[in-house]
Every structure is written in C-alpha cells, then in structure tokens.
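Examination of the molecular architecture
One-letter residues, chain by chain:
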Protein chains: 2
Amino acid sequence: MKSITIVGGGLVGSLLAIFLAKRGHKVNVFERRADPRTTNVYAGRSINLVVSHRGWTALKAAGVNETVERIVVPVYARMMHDRDGQLTRVPYSIENRAIHSVSRGELNKVLLSEAEKLPNVHLHFHEQCVDVDLDNARCTFKNDITSATASIKADVVFGADGAPSAVRQAMARGRFNFSQEFIEHDYKEVAFPANADGTPKMDPQCLHIWPRRYYMMMGLANQDGGFTGTLFMPHTASAVTPQASSRNAGAAKQPGPAYPGSHSGPGPAVYPGFDTVRTVAEVTAFFQTHFADAMPIVPDLVDQYLRNPQSNLAIIRCGPWTHRDKVALIGDAAHAIVPFYGEGMNAGYEDCKVLNDLLNEHGDDNWAMVLDAYGKQRKPNGDAIADLSMRNFVEMRDLVADPRFILRKKIEGRLQAKHPDQWLPLYSQVKFTDTPYVDALREGQRHDRIMEQVLAMPGVEEKWESDPAVQREVERKALELLTGSK
Amino acid sequence: MKSITIVGGGLVGSLLAIFLAKRGHKVNVFERRADPRTTNVYAGRSINLVVSHRGWTALKAAGVNETVERIVVPVYARMMHDRDGQLTRVPYSIENRAIHSVSRGELNKVLLSEAEKLPNVHLHFHEQCVDVDLDNARCTFKNDITSATASIKADVVFGADGAPSAVRQAMARGRFNFSQEFIEHDYKEVAFPANADGTPKMDPQCLHIWPRRYYMMMGLANQDGGFTGTLFMPHTASAVTPQASSRNAGAAKQPGPAYPGSHSGPGPAVYPGFDTVRTVAEVTAFFQTHFADAMPIVPDLVDQYLRNPQSNLAIIRCGPWTHRDKVALIGDAAHAIVPFYGEGMNAGYEDCKVLNDLLNEHGDDNWAMVLDAYGKQRKPNGDAIADLSMRNFVEMRDLVADPRFILRKKIEGRLQAKHPDQWLPLYSQVKFTDTPYVDALREGQRHDRIMEQVLAMPGVEEKWESDPAVQREVERKALELLTGSK
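Here's the deal with the pattern of salt bridges
Residues and elements named next belong to chain A.
- Evaluated as defined, the whole model comprises 66 salt bridges over all chains.
- In this structure, Arg78 and Glu395 form a salt bridge, with 3.3 Å as the shortest nitrogen-oxygen distance. In this pair, Arg78 sits in strand β5 (residues 77-81) while Glu395 sits in helix α11 (residues 367-397), placing the two residues 317 residues apart along the sequence.
- The exposure class of Arg78 is buried, given its relative accessible area of 6%.

Laid out in structure tokens, this is it:
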C-alpha cells in the first residue's frame, strides 16, 4: 500500500484515483479549482466530449462504466451543414456503432462522486500545486481561499493537472524535452438551445459540423435537448491569394476563392479572424456571411460571441513522462492535443488503463519498473494521437465538403463491408478499437497511399457510383495494394 | 533617442549595446553574472568559439573588428585524429580562407570594454532579471549580492539572456510557440596544455577532431599555446545491436561493431555514457579504449574529467521573437543551438547586424515595424542554423571518418575549384559568406541529392582519384544535375 498524490481532480485525475484506490493505495487528490459539484467551473469555455471505445474500456476496467452510461447521448454520424443549409449525414460506422457525447462538467461530477465513495480517496479543492520536489515525491500546495501552504510527502506523485501542468513545469527544470505549439485557430463556446418543449432542434444523435475551411462550427448534444457548440476561427485575420488558399487547405482542386462574401474584386482574399470580428456589426456580418443557416437555430449567436471568452488551442509534447519511481505525468499534462478527434479524454483514460495493467503485471511494489514501462509505452501513442488530431482538423474543416473525400469514404465503407477482416478505416480504428494510436496512424497512412492510387484510376471519380465493373476493379486494386504493402 | 534595456551582457548583449549606443540610444545592460573582467565566469564549461565571415561582417558594422582581430587564432583546416593516432588534414576552403578561434571569456571582456567606452552605455552586473512586463517594457532585476530589487522602465527591451532567457519565459506565458530538445550528448571541457616552452603541442591553425561515432573530442587553439578541448559523450550508456548501430550512425556500410573495446562476444554492443564512466578506473579505461592517442597530449585527462562539470546541450526554438514595439529576443535567447557548426555566436551577431540594417532602413522611431521585420526575417534563419548544426554533428562525429564522405569532399572541392561561380559547398556558404542560413540549407540539400547520384555512378568510388575520364564524367553529370534542378 502506497501513499499517492494526484495533482488535478479533472477527468483523468478522478478516474486515476478510482483505479489506484481500488488497488488498495491511499490516494489524495488536490484540485486547483472549486468542486465542480458546487460551482460551474467550466462556464463558457467547454467543448463537449465523446467517449470512444477505448474510453469505455478504461471506464469498465475501473468499474464505473454503468454510472457514466446514464449521462451520455449516443452519436452515430456526422451531419454536415453546408452554406445553403443542406444536410449530409455520414455514419461513423457501417455497423451502426456510436460514440457517446457527454458534458465535461457532468462527467467530472460523477467520477468525483464515485471516487469519494472509496474510503481511501480524499479530495481537496482550491489547492494549487506551487512546487514539486521530484526526488522526494513531495508537493507544495497553496490554498486559494486561506492562502495557507502545505507540503505533502507521498510515495508516488501523478501530474494529472492538464495542459498548464505544474508537475510538468517542475520536471522541465531538468533534462526534459518539451514543446508547446499553438494552432492558428482559437475557439468560443456557443450554446444551442432546445425547443420550447424541450425537444432538440437538430438530430441529437449526430455530431453537427459547419465546415467553412477557414472557420468551423460544431455541436454535440446534451441530455436536455440543447447542444454545446464550438466556433473555431483563426486568432488573426489573414490575407490569402487564391492559389495559396487552395494549397494551405490541402484541397488543391478548387480554383479561386472558396466562398462568397470573403472576397470581392482582384487581389488576395481577406479572411477575418477573432482580431477583426469584434463589434456587433462585424460579428453579425461574419455570421451572416459564413453561418447564415445556424442563426435561426441559435437566436442569440451574436450576443454569445460577444460575451463568451476566447480560448486558444495548443499541442504539448514532452518527455520523459516519468521521474524514477516517484513521479509520472498522465493525460493532458503529458500530451495536450487539439480537440478535433474527440480523443483527448480517451487518450488520458487509456493512460490510466495501461498503468493499471502494468501494476497487475509487475505488482504494486515495483514502481520504478511500472512507471518506466508506462512512460515508454504511452509516449509514442501520445505523439500519434496529437498527429491524428491535427489531421482530423483538416478533415473536418475542409475535406468533409470535398466530393473526392466523400467518394473515398464511400469506397472505404464498401471495402470494409465486404472485407471487414482486411479493411478497417482509420476513424474506426481510433474510435471503435483499442488498437494503439501509433499502429492506427501507421495503418491510416498506408490507407492514404492506397486510396490515392485507387482514386487516380481512370474513370473512378466519374463512374464508381454507377458502374459495378468499376467498383469491382477498384476493390481488386485496393486489396492487391493492401496485400502488397503489408 | 530611446531608452533601451538589454537583459544579458554576454557575447550578443555586449555587441548589441555597441550597435544601439552608436545610434544614439541610451543603453542599460543588466547581466546576471559577475563582470568577466574581474572573475572567470566560464570556468570549466567553455567551448571555444570561432568567428566566421558573418560574425566579422557584424563586428565590422559595429566598428570593433580590429579589437577582436587581436585575440583570435586563424583556423584553416580540420585535423582528424584516428584511433591509431594517424592525422588527416582537410582544409576548410580551397582558397585558404580561415575561420578564427577565440576564447569566449576573452571576447566577452573586450566587447564589454568597447561598450563601456561609449558614454551612453551603462553596465550593471549581478542583476538577475526576475520578471518582465512586456506591454510596458519594464523589467524587474534582483541584485544577487544585496538582494535589492529594482524595476526598470524602458522604451524597448532586448532579451539577450541566452538559452535560459527570463525574457523568453515572460513571453511564453502568452500565445507563444516554444520547444526545447536535449540532444543525447552532454559535454565536458578539457584543457590541452602547451609545451613547457609555450609552443603548442598540435598545429594551432587546425580544429582538431577525434571522431569516434558515439563520442567525439575536439580542440581549438588559444593564444597561449594551449587548446580548449571538449569531450562529447552520451548522457546515458546505450546497448546497440550491430545493425542498429550502423543505422543510427548514418553509415550503413560498416558491418559489425564499429570499434574495438566497446564490444566483446555475441549480443548487443554496450557504449558507455557519462552515467557509467564515473570512477578513476572507469574513466581511465574509457580514454584508453577510445582516446588513447590523446592521453599523452593531456596528461591529466582523467583528473580533468573527474573534476569538470558535465553540461548538457539543448536546441531551443520559439516564436514570435518580438512583442509589439516593446520587446525582442536575440541570440541564444531566441535560437539556442548545438555547437557543432561553431555558428551560435555568429548567428547572434548576424541578428544584431540585421536589426541595425533595419533601423537604418526604417529609422529609429519606428520600432513596431523594425521589430516585426526583424522577427520575421530572422526566425526562419534561426531554425535553419539549428538544423545545420545538428547536421554538422553527424558529419563531425561519424562522416569525417567515412571514406565515401572524404571522396565527396574531394569531388566538391574540385567542382568548386573549376566552377567557383556555380558550386559553393554548404560549409563555405555558412562560414565564408553572408548568405542567409535558410538559403544555404536549401542549397546544401540540393547538393546532397546531386552528390548522391554522382557517387552512385559506376566506377566513381574506385576510379575517381586515378582516372581523368571518370573525373570529367563526374563533373559533367554534377553540373548537368545542378542546372537541371535550379
């Protein structure tokens, strides 16, 4: 039985506490913020989460899946909203499998309550970690109400304190590789209301996407009939020449400026950013130009934009994740990623599950070996999901509106339907299996190369939909390439 | 006339002070350490520096080149020391051009003295920057002797405070991209003594290299007949299988373990690191195995190893380098690199020169424009010299001992001799021109591709040295590829 400090009582810290307490360890969780069960700590900056297969695997291993099942909404498909308000529904899985939308706040609350049921878990709120003595697993906390400081010695410290991790900062004083990279886009939360009778205004079992190349809005259902939406938009406006515009977007086939309203007359197109959309008039014009179809669904869209905080998005990579048998980083503290694959939380939950498996394998008294193996096994997967998440941003923002991309999805769906043992699309590997992210990424890159060759076959773009002979030839070619490149 | 704070009075801070004071600005330099003219602040951790062409360009523009010329030693060639003590001399330039070795401490001293001659420069030592208010160009310094703190408001702040930059840390609190990456190798200083009569024991006009793949030692002459040497060695020992060993080293042609003494019997070879070479016996055995030829030149080599501190090497990249018209990073604070191209200081001096040119262009009252242009122009060059420096590490450590690499150098030398207007090798572009590093790197990569094709021509490896027909054919092919790929 060890004494364990978990810095951070968010999504990952609370689940980790349950895992470790169920093994018999004495667990103290220190959270900087207030108890989310008493205050809405995420107001205005939340992005709804989805639980994917690997998230469920971890929740099951911790014995809390049934509690979580009560607060989720299943999501079976992407629903694309184009500029004219036309909808296109693309299922996530040919087997009608779902991912599950959940509110960050609600999930955090139920996990904290589950943790608190265990007699050997103690939760401490308003406690900010201000220093970590790595060699002695000793953390100093400052209470943000009383300003009292306390020094807590443990056997093992976990840094589950998210992207701005204080534990990671302590590790970064030594020989520690670290990078933080802000992406061009910031975001704002947008709340989509339910109808007056409490029914949802859009299909709640879809992830709704408004792909607009330079901008993107998405919405995920809540249990109350409303949706939590998110507007993604560049931090700063950009002037883009038509060619550069196509090149940057990775969709070189579209000539000229992509969308009306962004551009008039010769010279480079100007795409507004958060820095140039600030007044009521600017915000109204922006939404009318790019998201006219969403305005009736969210009547106070402009007000919300003006009221809600603007948050930025960074990718954090670091290593090593562990310090001897004393300290380990977990979740966003180790691998903060962008939210476009909906895997940030799931990756953190898989960290917990892998750690638990390693404790099963090596025992609870062999922390040097367990932490070393944990860091070595998880770090490449953290890097892979970071890459996958940026890749999915491009896909959601640009490609879902690209006919060639939609054709590729259809061809892959058919390959999967006829050869489920041979062709599992990347999205399914990430969301519906426990395949390590590194392996999924590698397989996805192989699929890219194969599908590029398939789409270059003569007549495919024009005739695949209608001509069974072309379909057969495509299938033969894809499987041949798949076997040949294994 | 502006009031300017320079944080850091090292090599770059002192030169920048001279540039800005000569323009008429009021310059205060705050340095964390003691005055190097009164204390040896670099004891035991120095790597000798070389001034290259672009360093001289900046020193000339600042009007201090003649002062610096008095303390340098010209270096015309690399001298490779192989395991058997055999020497191979490879000139840096077919035109007998030199780079210039200089002691970091001596150079810092003369530049501080030059700066201090200017009435509008004020130097402050023992002043550690503990905070920067970026929007107001206000720095807080803590005196490490009196512990007094002072808050200094200026018009513009320059962070010339090196790799651990406090100014950069203040910028990193915002939307700031940052990465620090430690390389596998750490280093220790080794002092090579002169003969009893003050004459040097090795040719002082060469950079001496002991390339040993997993290890490397180098030495650069001082004016007193001695050399400042540096031992580079992995932070941790590694077990490497023979194949992996060759692959990692980028020299796939050598079968089996590379060097005697590192490996006996079947199984992976074990290459010691700083962590496993710690006792007198271990250190002695290590030098006897890998650097036997250097032991007579440095009789107290083992003692020095045991006594001198071990330092690590990191590459730091960040951006943006500037904050409005108020703050800019310069030198290592913006782009800390590894020392293997000898360009760290020269890159920082070029930063100063470019800034001075921009002030000439835009005037001394237009800092928003000047700093923005400075950051945009220099950042890609900082990234390029970081890449170039790692590239040169591989070259110095492995390739200089590779016959194919030596042949390539000879072929390139001949191409340059016969077609000086068309073929300027990468090393010459970096060390003997003011070509921006980004352009040099791009041209060097083009040369790589061309030389790869040239070396793959039948008979080249066997016959180039002896057969004029092969030489002519190689020349024709290389120039054809050069023209074709422009």
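Thoughts on the interface of chain B and chain A
- In this complex, chain B contributes 16 residues to the contact, which on the side of chain A involves 16 residues.
- The three residues of chain B that bury the most area against chain A are Arg175, Gln180 and Phe182 of chain B, which together make up 53% of that side's buried surface.
- Residue Arg175 of chain A is joined to Asp186 of chain B by a salt bridge in which the shortest nitrogen-to-oxygen separation is 3.4 Å.
- Here chain B and chain A share 14 residue pairs in polar contact (both at pLDDT 80 or more) between them.
- When residues in the side of chain B that touches chain A are grouped by element, the largest group, ten residues, is from strand β13 (residues 177-192) of chain B.

Some points on the environment of Ala314 of chain B
Residues and elements named next belong to chain B.
- Among the structural elements, Ala314 can be located in strand β19 (residues 311-319).
- Along the primary structure Ala314 and Glu465 are separated by 151 residues, whereas in three dimensions their C-alpha atoms are 40 Å apart.
- When residues no more than four places from it in sequence are discounted, the contact partners of Ala314 are Glu181, Phe182, Ala336 and Ile337.

What about the pairing of strand β2 (residues 26-30) of chain A?
Residue and element names in this part refer to chain A.
- With four of its five residues buried, β2 lies for the most part within the structure.
- In this structure, β2 lies alongside strand β8 (residues 121-124), joined through four bridges in parallel fashion. Of the residues in β8, the one forming a bridge with Phe30 is His124.

Some details on the pairing of strand β11 (residues 149-153) of chain B
Residue and element names in this part refer to chain B.
- Two elements, strand β10 (residues 138-143) and β11, share five bridges in a ladder whose sense is antiparallel. Considered in β11, the bridge of Phe141 is made with Ala150.
- Counting the residues between successive antiparallel strands, the hairpin from β10 to β11 contains five residues, one of them, Ser147, with a positive phi of roughly 65°.

With respect to the domain arrangement of chain A
Residues and elements named next belong to chain A.
- Domain boundaries in chain A define domain 1 (3-41 + 104-180 + 314-394) and domain 2 (402-484).
- Here domain 1 and domain 2 have C-alpha centroids that lie 38 Å from each other.
- Note on domain 1 versus domain 2: buried area summed over both sides is about 1100 Å², and carbon and sulfur give 56% of it.
- When the buried surface of domain 1 facing domain 2 is broken down by residue, Tyr341, Leu388 and Arg391 rank first, second and third, together holding 46% of it.
- Our enumeration of links across domain 1 and domain 2 arrives at two salt bridges.
- As a salt-bridge pair, Glu343 and Lys431 come within 3.0 Å of each other at their nearest N and O atoms.
- Seen at the junction of domain 1 and domain 2, the total is eight residue pairs in polar contact (both at pLDDT 80 or more).
- Taken together, the elements giving at least two residues each to the side of domain 1 that touches domain 2 come down to α10 (344-362) and α11.
- For the side of domain 1 that touches domain 2, the element with the most residues is α11, which contributes eight residues.

Definitions and limits used
All residue numbers here refer to positions counted from 1 along the written sequence of the relevant chain. Ligands are numbered from 1 and chains lettered from A, in the order in which they are written. Selection of residues for local features in this predicted model requires a pLDDT of at least 70, selection of side-chain atom pairs for listing and counting requires 80 or more, and totals for whole chains, interfaces and linings are taken over all residues. Side-chain calculation: all heavy atoms of the structure are included, whereas hydrogens and water are not. Salt bridge, as used here, is a side-chain nitrogen of Lys or Arg placed within 4 Å of a carboxyl oxygen of Asp or Glu. Helix and strand labels come from DSSP, where a helix needs a run of H or I of at least four residues and a strand needs a run of E of at least two; each type is numbered from the N terminus. Each residue is assigned to one of three classes by its accessible area relative to the maximum for its type, calculated with a 1.4 Å probe on protein chains only: buried under 20%, partly exposed between the two thresholds, exposed over 50%. We call two residues in contact when some of their heavy atoms are within 4.5 Å. The term buried area refers to how much accessible surface (probe radius 1.4 Å) is lost by two components on association, counted for both of them together. Each polar contact in these results corresponds to two N or O atoms within 3.5 Å; when the atoms are within protein, one needs to be able to donate a hydrogen and the other to accept it, and residues that are neighboring in sequence are counted only if both atoms are side-chain atoms. Strand pairing is defined by DSSP finding a minimum of two bridges between the two strands. Per the annotation, domain bounds derive from an automatic or database assignment of domains.

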